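As a plain string of letters, each chain reads:
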Amino acid sequence: MSLLKLDQVAKIYPMPGEDVHALRQITLEIDAGECVSIVGSSGSGKTTLLYLLGLLTDPSRGEYRFDGAAVEDLGDRERSALRGREIGFVFQSFHLLPQLSVLDNVRLAARYAGLGEGVGALQARSRKLLEKVGLAHRLQHRPRELSGGEMQRVAIARALLSEPSVILADEPTGNLDDTNGDRVFGLLQELSDDGKTVVIVTHDLALASKTGRMISLKDGEVVDGSLTAA
Amino acid sequence: MGLSLLREAGGNLLLHKGRSFLAALGIIFGVASVICMLSISEVARRDVIGRIERLGLRNIILDSRKPERVRNREKRDSEKSWLANYGLTLRELDLVSDTIGPQGSRPALDALVPMRILFHDVRVGSVASDATIVATTADYPAVMNHSVSRGRFLSDADEAVSAGVCALGATAARELFPLGNPVGQVVEIGSVHFKIVGVMEPHGQTGSSGVLSHPDKTVWIPFETSFVRFGKLQVRRTSGVQEATKVEVNRAVMKVADGVSLRAVASVANNLIDSRHRGGDVVVTVPHTLLREHRKAERIFRWVMASLAAISLLVGGVGIMNIMLANMAERRQEIGLRRALGATRLDIVRLFIAESFVLCLVGSVLGVASGAGLAVLVGQLAQWTVVFEPISFPLGIIVGASTGLLFGTLPAMRAARLDPVLALRVE
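Residues numbered from 1 in each chain as written. Chains lettered and ligands numbered in written order. Predicted model: local features only at pLDDT ≥ 70, side-chain atom pairs only at ≥ 80, totals over all residues. Heavy atoms only, no water.

(A) Summary view of a positive patch on the surface. Residue and element names in this part refer to chain B. Together, R69, R73, R76 and K80 give the surface a local cluster of positive charge. When you line up the elements, R76 lands in helix 3 (residues 68-76). Under the relative-accessibility criterion, R76 is labelled exposed at 60%. (Patch = residues over 30% accessible without salt bridge, like charges linked within 9 Å, V, L, I, M, F, W, Y side chains within 5 Å. Areas by Shrake-Rupley, 256 points an atom, 1.4 Å probe, with all protein chains shown as cover. Salt bridge = Lys/Arg side-chain N within 4 Å of Asp/Glu carboxyl O. Lys, Arg positive; Asp, Glu negative; His and termini not counted. Charge placed at Lys NZ, Arg CZ, Asp CG, Glu CD. Helix = DSSP H or I, 4+ residues; strand = E, 2+ residues; numbered from the N terminus. Buried < 20%, exposed > 50% of the residue type's maximum accessible area, 1.4 Å probe, protein only.)

If you want it as C-alpha cells, here you go:
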C-alpha cells in the first residue's frame, strides 16, 4: 500500500484579483522506502507539494491520505503529532535556531514529537545522530560557527531524532558547494537504503536522476513521474 | 505553564536583552508608580486618620471661631484699637453639660475640658519658644489621650488654688531645655513665672490646622490660673494699635461616655450652639463623623488610584504587545520550524504567552523594587516615615504578570495562526 497518496489534489491561494493555483489535479502515490525527487522550474509548485505532503498545509480540493488515514479528518493536534513523529524536514536554509547549540538544535525535535524518553537517553541519541553525520566534535557550537554543509548535516540529524518514516527535503543541497552537496545527498540516500521514504525537491536534474523516481512539475501539474535509471 | 517552558521563554528573551528591557520598561514604570503612589497615599491616609483619631473618637469638640463681623472690622479698622468679644463662655459650657444631662443613672459625659489660648511669649532666660499657651483642666490628658512622660500633668488642686504651675509639650520642652530635665524648673510666660511640673509624651498633630493642633508645641497652665494671672481680656499691641480679645473658652472637648449615643449628644450640642451663636462663632466638630467622611473620601481616592494604576499598566501592556508583535514578525521562520517539528498552534500560543509573562513578571519585580526605592527616597526628601501596605508587593507582581498574560495573548494568537508554509519561506 502507498504511504503517501494524493488524489486529484489542488492547492489554491486566494488573492485579490485572481487566485493563485499552486497545484492542480495532482494524483500521486509514494510507497514506503521509496526515494523520490520532485523537479521543476521556480514557481512550478514543488515546495507547495512537499509542504502538503508534510502536513504543513491542506489541499484546497482532492484527498490526501497519509499511511491510509485521510488527512482532512485530522485536527491540528493529531496532524501536528503525526508530523512530529513520522515526518522529518530538511530545508534549503537549514532553519537552525541561532540561540541553541548544535546538540540542542537536534534535541529541539523531541520537544514536540512526544517521544517519551528521558533527558539522558535523548541526549545520548542526539549525540549518536550527530556522530553519524560526522559532527561529534561540534556538539556545543552555535550554528553561526558552522559551515553550510555542517549546518545541513545538523538539520538532517534533527530530522532523524524522532525516527520518522518519511524525510522531506526541500532543496537540501541548494545552498551547498558540490562536495558538501554530495555528502548531504549521500546521507539522504543512506536513509533511503535504511528503509525510510525520502522525498527531495531539487532544481538539480543530475542529483534528481540519482533518486529512484523523478516527478516533474510544471505550472502545478505533474508532467512526468517516471522511474529513473537509478 | 511548565518550568521548562518558562526557562525556554526566558532564554528567548535574553537573546535580545536590550529590546526585552525596553519592552519591560513600561511595566517597570507602571508597577513602580503604583507601589510608590500606594505608599504615599498610605502615609497620607495614616497621617489624616491619626490626626482625627488623636482628636478622640468619643469626643465632641466645640471651637470658638473669629466671626465674620470681627474679621471685616479687622480689615476695615486696621489702624484703630478695638475690642472683639466672641465664642464660647463658661456659662454656656455649664448649660451644655446640664442640657445633655445624665443618661439614666450615669452621666452622659465622662469629662468636659475647656481650653483657652493665651498670647504670651514663653522663655527661660534668653531661650524663647513660640509654643502656644493653653489653659486647661486636669482631665485634658485623659480626654485627648495624651500621656505624661516626666513628672505629672496639672491637677485639680492646681486648679483650686490657681497655682502658678505648667506642663510642657515634648517639642516645647526640647526647645526650652535642650539638655536638662525641665521638671522643677521655672519658665516665664509673659511676665509671670510658672513652675514646670511635667513634660508630656510626643503626640503628633491633631486635627488639620490651628494653634491647638500642635500639642507637642504647647505649654499648659491651669484654666483658673489664666484668669487670675492674665485676666479675662487679652490685649495684643502691634504698631501702636491695641487689639483686645475676650474669648473665655477657645475650645471645649466633651468626652461622651461609652454606650451613650455620640450622635444624640452632638445633636443636643449643635442645637444649643445654633440657638445662641447665630453668627457662626462656635463650630461643633465630631471627630467620629470626620473619620467616616474621610473614609468615604478615601474610597473615592482609592478608585482614582486604581484607575491611574490601570492606565499605567495599560500603557505598559500595549508596549509589551507591540514588542511581542515585532518579535513574532522577526521569528516567523522559527515559528514555521517549530510547526514543522510538530508544534501545535496551542504550543506556539503557550510559548509566546510564556515570553510576555516572563517579561512582565521580571518587569513587575523590578517595578516593585524601584517603586519601593522611590517611595523611600520621597519619604527621605519629605521627611516622613515611609509606610508600605504589605499586600501592595505581591499585588503589584500579580497584576504586572497578569498584564503580560493579557497583552501577550494577541501576538501569541497571531503567531499561532501564521501559515507555516509562508513562515518557512526565506525572503
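(B) Just the pairing of strand 1 (residues 2-13) of chain A, in detail. Residues and elements named next belong to chain A. In terms of residue burial, strand 1 counts as a mostly covered element, since nine of its twelve residues are buried. In this sheet, strand 2 (residues 20-31) lies alongside strand 1 in antiparallel orientation, the contact comprising eight bridges. Paired with I12 across the bridge in strand 2 is H21. Connecting strand 1 to the next strand, strand 2, in antiparallel fashion are six residues, including G17 with a positive phi near 95°. For strand 1 and strand 4 (residues 61-66), the ladder comprises five bridges, and the chain directions are antiparallel. Across the sheet, the residue bridging to A10 is R61, located in strand 4. (Pairing = 2+ DSSP bridges.)

(C) Representation of the interface of chain B and chain A in the model. Facing 21 residues of chain B, the contacting portion of chain A comprises 21 residues. Here chain B and chain A share an interface that buries about 2,000 Å² over both sides, 62% of which is from carbon and sulfur atoms. Scanning the region where chain B abuts chain A turns up three salt bridges. For R339 of chain B, the salt bridge goes to D76 of chain A, with nearest N and O atoms at 3.3 Å. Between the two partners, chain B and chain A, sit nine residue pairs in polar contact (both at pLDDT 80 or more). Every element with two or more residues in the side of chain B that touches chain A is listed here: helix 1 (3-15), helix 11 (332-340), helix 12 (345-382) and helix 14 (420-424) of chain B. By residue number, the principal contributor to the side of chain B that touches chain A is helix 11 of chain B, which donates six residues. (Contact = heavy atoms within 4.5 Å. Buried area = accessible area lost by both parts, 1.4 Å probe. Polar contact = N/O pair within 3.5 Å; in protein donor to acceptor, adjacent residues only side chain to side chain.)

(D) How the structure looks around the sheet that holds strand 1 of chain A. Residue and element names in this part refer to chain A. Spatially, four strands are ordered 2-1-4-5 in an open sheet, and the strand pairing comes out antiparallel. Two strands lie at the open edges of the sheet, namely strand 2 and strand 5 (69-70), each paired on one side alone. Strands in contact with helix 1 (residues 46-53) are strand 1, strand 2 and strand 4; relative to strand 1, the strand with the most contacts, it is inclined by about 125°. (Axes fitted to C-alpha atoms, helices over the stretch in contact; angles between N-to-C directions.)

(E) Layout of a negative patch on the surface. Residue and element names in this part refer to chain A. A cluster of acidic residues, D177, D178, D182 and D204, forms a negative patch on the protein surface. Within the secondary structure, D204 is located in the loop between strand 8 (197-201) and helix 7 (205-208). Residue classification places D204 among the partly exposed residues on the basis of a relative accessible area of 35%.

(F) Broad picture of the environment of L38 of chain B. Residues and elements named next belong to chain B. Residue position: L38 is located in helix 2 (residues 17-54). A relative accessible area of 19% places L38 in the buried class. Note: C-alpha distance between L38 and V387 (349 residues apart in sequence) is 9.1 Å.

(G) Geometry of the pairing of strand 8 (residues 132-136) of chain B. Residues and elements named next belong to chain B. Burial within strand 8 is extensive, with five of its five residues counted as buried. Residues T132, V134 and T136 point to one face of strand 8 and I133 and A135 to the other, with burial holding for every one of them. As paired elements, strand 8 and strand 13 (residues 218-222) share five bridges and run parallel to each other. The partner of T132 across the bridge, within strand 13, is T218.

(H) Looking closely at a nonpolar patch on the surface. All names here are of chain B. Residues F21, L22, V362 and L366 make up a contiguous nonpolar surface patch of about 390 Å² in total accessible area. Elements with a contribution of two residues or more to the nonpolar patch: helix 2 and helix 12. Along the chain, L366 falls in helix 12. Residue classification places L366 among the partly exposed residues on the basis of a relative accessible area of 40%.

(I) Geometry of the packing of helix 2 of chain B against helix 13 (residues 392-417) of chain B. All names here are of chain B. Contact geometry of helix 2 with helix 13 gives a least axis separation of 10 Å together with a crossing angle of 155°. Comparing the axis directions of helix 2 and helix 13 gives the class roughly antiparallel. Crossing of helix 2 over helix 13 shows right-handed handedness. On the side of helix 2, the interface is formed by I27, V31, I35 and L38, while helix 13 contributes S392, F393, G396, G400 and T403. Among the residues forming the contact of helix 2 with helix 13, the class breakdown is five nonpolar, four polar and no charged. (Parallel < 35°, antiparallel > 145°, perpendicular 65-115°, else oblique. Left-handed = near helix turned anticlockwise from the far one by under 90°. Nonpolar A, V, L, I, M, F, W, Y, C, P; charged D, E, K, R; others polar.)

(J) Seen up close, the sheet that holds strand 9 (residues 213-218) of chain A. Residues and elements named next belong to chain A. Reading across the sheet, the six strands line up as 6-7-8-3-9-10 and stay open at both edges, with mixed pairing between neighbours. Each of the sheet's edge strands pairs with one partner strand only, and the pair in question is strand 6 (87-90) and strand 10 (221-224). On average, each strand axis in the sheet is inclined to that of its neighbour by 25°, with strand direction left out of account. Alignment of strand 7 (residues 166-170) against strand 8, held across five bridges, turns out to be parallel. Residue pairing for strand 8: D170 is matched across the bridge by V201. Taken strand by strand, helix 1 contacts strand 3 (35-40), strand 6, strand 7, strand 8 and strand 9, and its axis lies near 155° from that of strand 7.

(K) Spotlight on the layout of surface pockets. Estimated volume of the second largest pocket: approximately 800 Å³. Lining the second largest pocket are 23 residues; nearest its centre among them are R107, L108 and R111 of chain A together with S4 and E8 of chain B. Taken together, the elements giving at least two residues each to the lining of the second largest pocket come down to helix 3 (102-113) and helix 4 (119-132) of chain A together with helix 1 and helix 12 of chain B. Class assignment of the residues belonging to the lining of the second largest pocket gives a composition of eight nonpolar, six polar and nine charged. (1 Å grid on protein atoms, 1.4 Å probe; cavity = no way out; pocket = protein on both sides within 12 Å on 5 of 7 lines; lining within 4 Å. Points joined across faces, edges and corners; volume = space filled by probe spheres on them.)

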